[in-house]
Structures are given as structure tokens and as C-alpha cells.
Amino acid sequence: MTRKRVVLAGVLALVVLAAILIPLLLGGNGKSSANSPATPTAGPAVSPLTGLPGAAGRIIAVKIDNIVYARPQTGIDSADVVYAIEVEGGLSRFLAIFDENHLPSGGEIGPVRSARESDLPILQQYGKVAFAYSGALTKFLPLLAQANVFNSSPTQLPNAFSRGGGRPAPYNEYVNPATVMSTFPDSAFAHDVGFRFGAAPAGGVGTSSYTARMPAASFTLTWDAASGKYLVAMDGAAAQTTDGGRMGAPTIVIQKVAETTSPHGFHDVPNELSPYAPTVGSGADAVLRGGKSYAGSWSRPTAADGTSYTFGGKPMDFAPGQVWIILEPA
């Protein structure tokens with residue numbers, strides 16, 4: 001073989017070797033592994049909010065009315081997490097958390113009602129989210145403007161809201177979450193807020209029915225083995241959605257909170273300070289799953305932290321699926 005052919009053969013060998021080694025050194029995709037997310041080594045991505053398979057998306061939170069005139073609600077059965085929170089008069093409203101990859105097929109959520117002071121600390125653990133609400137107290141608006149949320153009310157996004165459902169105002173306003181998300185400029189995905197999912201721990205007490213109460217509202221939770229959920233009745237009536245389904249979830253947390261009044265002195269009704277549900281701190285809880293209740297505790301040291309739930313001194317695993325958190329006054 002001539003010298004020229006030997007050199008050419010050597011060059012070709014080096015090219016082949018480089019083609020094999022460089023992708024391996026760079027994480028297999030031609031980019032530095034230090035700047036690229038790790039490739040999963042086993043199984044699909046899992047939602048940190050439900051424990052179910054599926055890539056995490058961005059978050060939209062929707063404030064949903066729960067007075068009797070607002071029932072049945074629309075779209076709430078598609079939420080990843082549902083918070084039930086006391087409002088004025090001892091009644092309740094929902095703050096529903098949706099991953100954009102799990103939006104309701106009907107395209108609407110509601111009826112949407114006004115934001116409350118308790119909402120912002122809850123949302124802070126989720127990072128920046130789109131927050132859909134119908135309005136707020138004038139004195140509360142500056143706090144909403146400063147909060148780490150993408151404010152999505154009819155004032156900011158009129159095209160995302162509509163009225164219908166054959167109900168009188170204010171119980172007939174609905175939001176199209178896809179329209180909101182199409183204008184949401186940030187790209188933070190759902191992340192760990194403290195939930196853990198897995199098999200039920202040893203222990204617990206057989207519980208076919210459990211009632212959580214607010215001053216003027218009640219949630220009766222009844223185990224239904226056929227669906228694998230605790231079904232919800234509100235104020236003594238079965239809680240349904242507009243598609244005819246029953247509200248319920250595989251895991252329901254009754255999180256006991258030191259209910260107080262508005263730290264900023266807000267009034268939703270004359271001469272009565274608005275209720276406020278603190279979700280930073282610690283307290284007792286009861287986790288319902290699989291026909292049993294697990295009396296444990298919750299802890300959230302700061303508003304930037306997620307909320308940890310423990311039973312017997314160990315993390316309390318939830319059943320995969322939608323999670324309800326009822327903030328019951330302690």
C-alpha cells in the first residue's frame with residue numbers, strides 16, 4: 001500500500017471513531033450533557049401532582065364557585081389537585097390546579113369566581129402559574145399584581161371568558177383554559193410540591209365515610225370500592241359535574257389549618273373580616289385512601305416550600321390520581 005493510501009485509511013478510521021465516541025461523550029444528542037436534561041432510564045415521565053404517567057406541563061389555577069347556585073361545576077373532574085377553602089359566611093370555594101396536558105375535553109372550567117387572599121400562598125409552592133379568576137377586591141388587586149402569577153381575569157384576558165349555562169350572573173362565567181395558556185409567556189412546568197405516591201402504608205383505620213366541616217359547609221366523603229375513590233357529597237347532596245359524573249378522588253386530605261381573618265384587613269362583606277386559611281406552618285391532617293383514614297401531620301416551613309404529609313413519622317404516600325385537599329378549620 002502506498003504512503004498516500006495509508007494516510008487516507010488512517011484519516012477514515014479516525015472519522016469513524018469520532019462518529020462513535022463524540023455522541024457518547026456529549027450525551028448521545030450532540031449537546032453537552034451538562035446543559036441537557038437527563039434521559040429517563042426506565043419508564044415514562046410521571047406527573048408530580050398525580051403520580052400518573054405523562055410529561056408535566058405548565059399550570060393553570062382556576063378559582064371556582066361552590067355555592068349551591070354554582071352547582072354542578074364544569075371541568076373540575078379534570079383537575080390534578082382541588083383545594084376546598086373557606087370564604088366569607090363560612091361557605092367554601094375551590095381552587096383547582098390543572099396541568100395544561102390534562103385540560104377538560106369540553107374546553108371550559110367554571111363557574112369562575114373572585115380570587116381570595118388564601119389563594120396566593122397556596123399557589124406560591126407551584127412556582128409561576130396562570131391564575132384565572134373573575135375579579136377581586138379593589139384593595140386586594142395590588143397584591144395580585146405583585147404576586148408571582150400570570151393574572152388571568154376577564155379584565156386582562158377578555159377573550160378567554162364567556163357567560164352561559166343558563167344561569168344568572170355571577171354564576172355563569174366560564175374560562176377557556178387553552179386560550180389562557182396560549183397567552184401565558186412563561187414555560188415553567190409542574191414540579192414537586194411535596195406529594196408522594198405509592199402503596200398505602202401499614203396501619204390506618206377503616207373509614208367508609210368521613211365528614212369535614214366549615215362553619216357553613218360540609219364535605220361528606222364516602223369510600224366507593226368500585227371506582228377506587230372517595231366520592232364527595234356537599235351539604236348533604238351528592239356532588240356532581242355537568243357531564244353527570246360524581247366528584248371524588250383516590251386521595252383526599254383533610255388538612256387542619258389555624259383559620260383566622262385577613263392579615264391585610266380585607267372585608268368581603270361589610271363589617272366582617274374575610275376568612276384566611278394559613279397553609280404555611282404545620283398541623284394535623286387525615287389522609288383518606290383505599291377505604292382507610294391515616295391520621296398524620298402536615299408541614300410547610302416557608303411559602304417557597306412544598307407541603308409534606310407524614311404518617312407515623314414517615315412520608316405519607318398518596319394513591320395515584322386526582323388529589324383533593326380540604327382546608328378544614330382546626
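A. How the structure looks around the nonpolar core. Within the largest apolar cluster, 38 residues are counted, with the highest numbers of intra-cluster contacts made by F219, I252 and W324. Excluding residues within four positions of it along the chain, I252 makes contact with L221, Y230, V232, A286, V287, L288, W324 and I326. In terms of nonpolar packing, the next biggest core, distinct from the first, is built from 37 residues, A190, W298, M316 and L327 among them.

B. Molecular detail of unusual backbone geometry. With an omega of -5°, the peptide bond running from R71 to P72 counts as cis. Omega for the peptide link from G110 to P111 comes to 0°, which places this bond in the cis form. Secondary-structure assignment places P111 in the loop between β3 (92-99) and α2 (119-124). In this model, D235 sits at a positive phi of 55°, which is unusual for a non-glycine residue. For D235, the location among the structural elements is in the loop between β11 (229-234) and β12 (237-238). Note on D235: relative accessible area 41%, which makes it partly exposed. Even without being a glycine, N271 presents a positive backbone phi close to 60°.

The rules behind each value
- Residues numbered from 1 in each chain as written.
- Predicted model: local features only at pLDDT ≥ 70, side-chain atom pairs only at ≥ 80, totals over all residues.
- Heavy atoms only, no water.
- Core = buried A, V, L, I, M, F, W, Y, C linked by side-chain atoms within 4.5 Å.
- Buried < 20%, exposed > 50% of the residue type's maximum accessible area, 1.4 Å probe, protein only.
- Contact = heavy atoms within 4.5 Å.
- Helix = DSSP H or I, 4+ residues; strand = E, 2+ residues; numbered from the N terminus.

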